[in-house]
Amino acid sequence: MTSAVRFQKVSRHFGSVRAVDGVDLDVASGEFFAMLGPSGSGKTTCLRLIAGFEQPTAGAIEIFGERADGVPPYRRNVNTVFQDYALFPHLNILDNVAYGLMVKGVGTAERHREADRALELVKLPGYGTRKPAQLSGGQRQRVALARALVNKPKVLLLDEPLGALDLKLREQMQEELKSLQRALGITFVFVTHDQGEALSMADRVAVFNNGGIVQQGTPQEIYRLPKTAFVADFVGSSNLLSPDLMALLGGDRRWASLRPEAVRLAGDGTEATVENVSFLGAATRLAVEMHGTKLHVMLPAGADVPGVGTRVRLAWNRQDIHYMDDAA
Amino acid sequence: MRSDRGQRSPILLKLFAAGGLLFLHLPILLIFVYAFTTEEKSFQWPPPGLTTRWFAVAWNRPDVWSAMALSVQVACIATAIALVLGTLCAAAVSQTKFFGREVISLLVILPIALPGIITGIALRSAFSLFDIPFSVWTIVLGHATFCVVVVYNNAVARFRRTSGSLIEASMDLGADGFQTFRHVILPNIGTALLAGGMLAFALSFDEVIVTTFTGGQQATLPIWMLEELIRPRQRPVTNVVAMVVVLVTFLPILAAYYLTRDGDQIAGSGK
């Protein structure tokens, strides 16, 4: 399996700010790769390093085996879908999509034919004569996608692609992006701060924090086996158990995580007090207090729901306790 | 649709508005009228008679032509310099962050805030300090100081509203710096540059104070007019020239207005 993008100890410092610090990254060819993290975690800078808008302070970047550091954006076979779409306001949709072919010197007839085909691909046929201002946010996003894809990039970069869309459109675009990526076989690298988006769309996820990658893996691995408390906290609403609590419960004196859905009510478990009950439809979430620590418990639909203030006993399987590296 | 449609404004407001407009524009009409008067020593009202002979006189006066030529030359060169420098400066200030950016931004705008007489004296003493003889270029230099500001102000406002990611998008799609400038930057700031350039040309064309200090013995059109008024000789010739200047400058400004009207307009700052 060839690497589409490979970072070796890549750093990008802005003065004393270490936006990206010693990142190792390996994106496989044809993969749907997500870079997940809070704002300021370095994920967007990593994307800009791949696109060529930033150059690394240290380290090496390879795109399909070729050294990319020092190569300007216009000589990379990589295209970007920008967060604000960055459509050219003075050009109509067709010329926007054909822009990449135009600057490469492709003839008018051919580049318009290609642009038309790309617009069909993103389900916007016949929109060529409109101006970007006449389109809705979702349509602009599709145009931005077509404008990037028409150049047949080896890697497509997406910067918070769904951030500006409303929920319904977002879910629809998630599925479309996924099937588009499967159909085209192009490597997609996308940046998001939405863990749901990352987990549902990506083949693999890199979780960023403080300019570095905390954990890389499949969505299942990231969700079930978070390496640090930060990942557990950021990726899901996981319960964090402190070393003291773990010792009290008879486990190792280390930080651990416990998924809310892994906890059940049992007759012989640890005592806790119900503080809040939220009905979520498919499940009911309890907020409980156990030995001074607040936990969430997810009860499946149909289970008996205890009232607020009642004493309950909680139990879980030993293997659901997941020990982590640190509490950072 | 206007929300106040059908509402009538009070009669007093209408009178004041009409009065204000008359106060602003009647003197210009007077200039036109005096261009046709038969009295050549003083401006006498009402004109004792009407004639068109001053047009022929003005046409045959070489000093009118040389002043006009100098003014057009200076305004063209100053505007060209302003377009290049103003655009570059605006691009640097709005697209990148660097040490001293705010200071540079302030220093560029300063000449327009500074009284023209200060600019004039400063330039004149600088010219004499370095033994630079007065020429077309010394006038051009003086005018460029404020023409750059006008172009800069127009360009920087447009640059600020032009998303920086447009340039990145262009580069991302394979366009090098020159292609990006030609296909993305220029179309987006074009009308702003046109408006700025027009304004710069107009400012240079009627500038008196700085020119007095940087022009030496040569007379641009406004300086020539001033001299004509002080030493009366065929006075209506000045009015003929003034009338032509009004017509000649009005047309391009009207054109610029119509050209920039569709895009959201940016007000130029006047000097």
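Residues numbered from 1 in each chain as written. Chains lettered and ligands numbered in written order. Predicted model: local features only at pLDDT ≥ 70, side-chain atom pairs only at ≥ 80, totals over all residues. Heavy atoms only, no water.

A.B. asks: Which parts of the structure should I look at to understand the pattern of salt bridges?
C.D. replies: Any two side chains of opposite charge can pair if their charged atoms end up close together. Applying the stated criterion across every chain, the model contains 20 salt bridges over all chains. For Arg6 of chain A, the salt bridge goes to Asp26 of chain A, with nearest N and O atoms at 3.6 Å. On the criterion of sequence distance, the pair formed by Arg6 of chain A in strand E1 (residues 3–14) and Asp26 of chain A in strand E2 (residues 17–28) is long-range, its members being 20 residues apart. By relative accessible area, which is 31% here, Arg6 of chain A ends up partly exposed. When the shortest N-O distance is used, the salt bridge between Glu228 of chain B and Arg61 of chain B registers 3.2 Å. (Salt bridge = Lys/Arg side-chain N within 4 Å of Asp/Glu carboxyl O. Helix = DSSP H or I, 4+ residues; strand = E, 2+ residues; numbered from the N terminus. Buried < 20%, exposed > 50% of the residue type's maximum accessible area, 1.4 Å probe, protein only.)

A.B. asks: Looking at this structure, how should I read the nonpolar core?
C.D. replies: In a soluble, globular protein the nonpolar side chains are often hidden away together inside. All names here are of chain A. Counting residues in hydrophobic clusters, the biggest one holds 45 residues, and the most contacted among them are Val97, Leu119, Leu145, Leu156, Leu158, Val205 and Val207. If one sorts the elements of this core by residue count, helix H4 (residues 137–149) sits on top with six residues. Here Leu156 is in contact with Asn79, Val81, Leu145, Ala148, Leu149, Ile186, Thr187, Phe188 and Val189, once residues within four sequence places are set aside. (Core = buried A, V, L, I, M, F, W, Y, C linked by side-chain atoms within 4.5 Å. Contact = heavy atoms within 4.5 Å.)

A.B. asks: Would you mind going over the domain arrangement of chain A with me for this structure?
C.D. replies: All names here are of chain A. Domain parsing of chain A yields domain 1 (3–228) and domain 2 (237–323). Averaged C-alpha coordinates put domain 1 and domain 2 at centres separated by 39 Å. Listed by partner, the interface residues are six residues for domain 1 and four residues for domain 2. Its largest share of buried area at the contact with domain 2, domain 1 owes to Tyr223, Leu225 and Pro226, together 85% of the area lost on that side. (Domains from an automatic or database assignment. Buried area = accessible area lost by both parts, 1.4 Å probe.)

A.B. asks: Can you walk me through the pairing of strand E9 (residues 204–209) of chain A in this structure?
C.D. replies: In the case of a regular strand, side chains alternate between the two sheet surfaces. Residues and elements named next belong to chain A. Pairing between strand E3 (residues 32–36) and E9: four bridges, direction parallel. Residue pairing in the sheet places Met35 in a bridge with Ala206 of E9. Strand direction decides the pairing type here: E9 and strand E10 (residues 212–217), joined by five bridges, are antiparallel. Note on E10: the bridge partner recorded for Phe208 is Ile213. The hairpin formed by E9 and E10 contains two residues between the paired strands, and Asn210 there has a positive phi angle of roughly 50 degrees. (Pairing = 2+ DSSP bridges.)

A.B. asks: Can you walk me through unusual backbone geometry in this structure?
C.D. replies: Most peptide bonds are trans, and most residues other than glycine sit at a negative phi. Residue and element names in this part refer to chain A. For Ala86, which is not a glycine, the phi torsion comes out positive at approximately 50 degrees. Along the polypeptide, Ala86 turns up in the loop between strand E6 (78–81) and helix H2 (93–103). Its identity is not glycine, yet Asn210 carries a phi of approximately 50 degrees, on the positive side. Along the chain, Asn210 falls in the loop between E9 and E10. Taking the relative accessible area as the measure of exposure, Asn210 reaches 65% and is therefore exposed.

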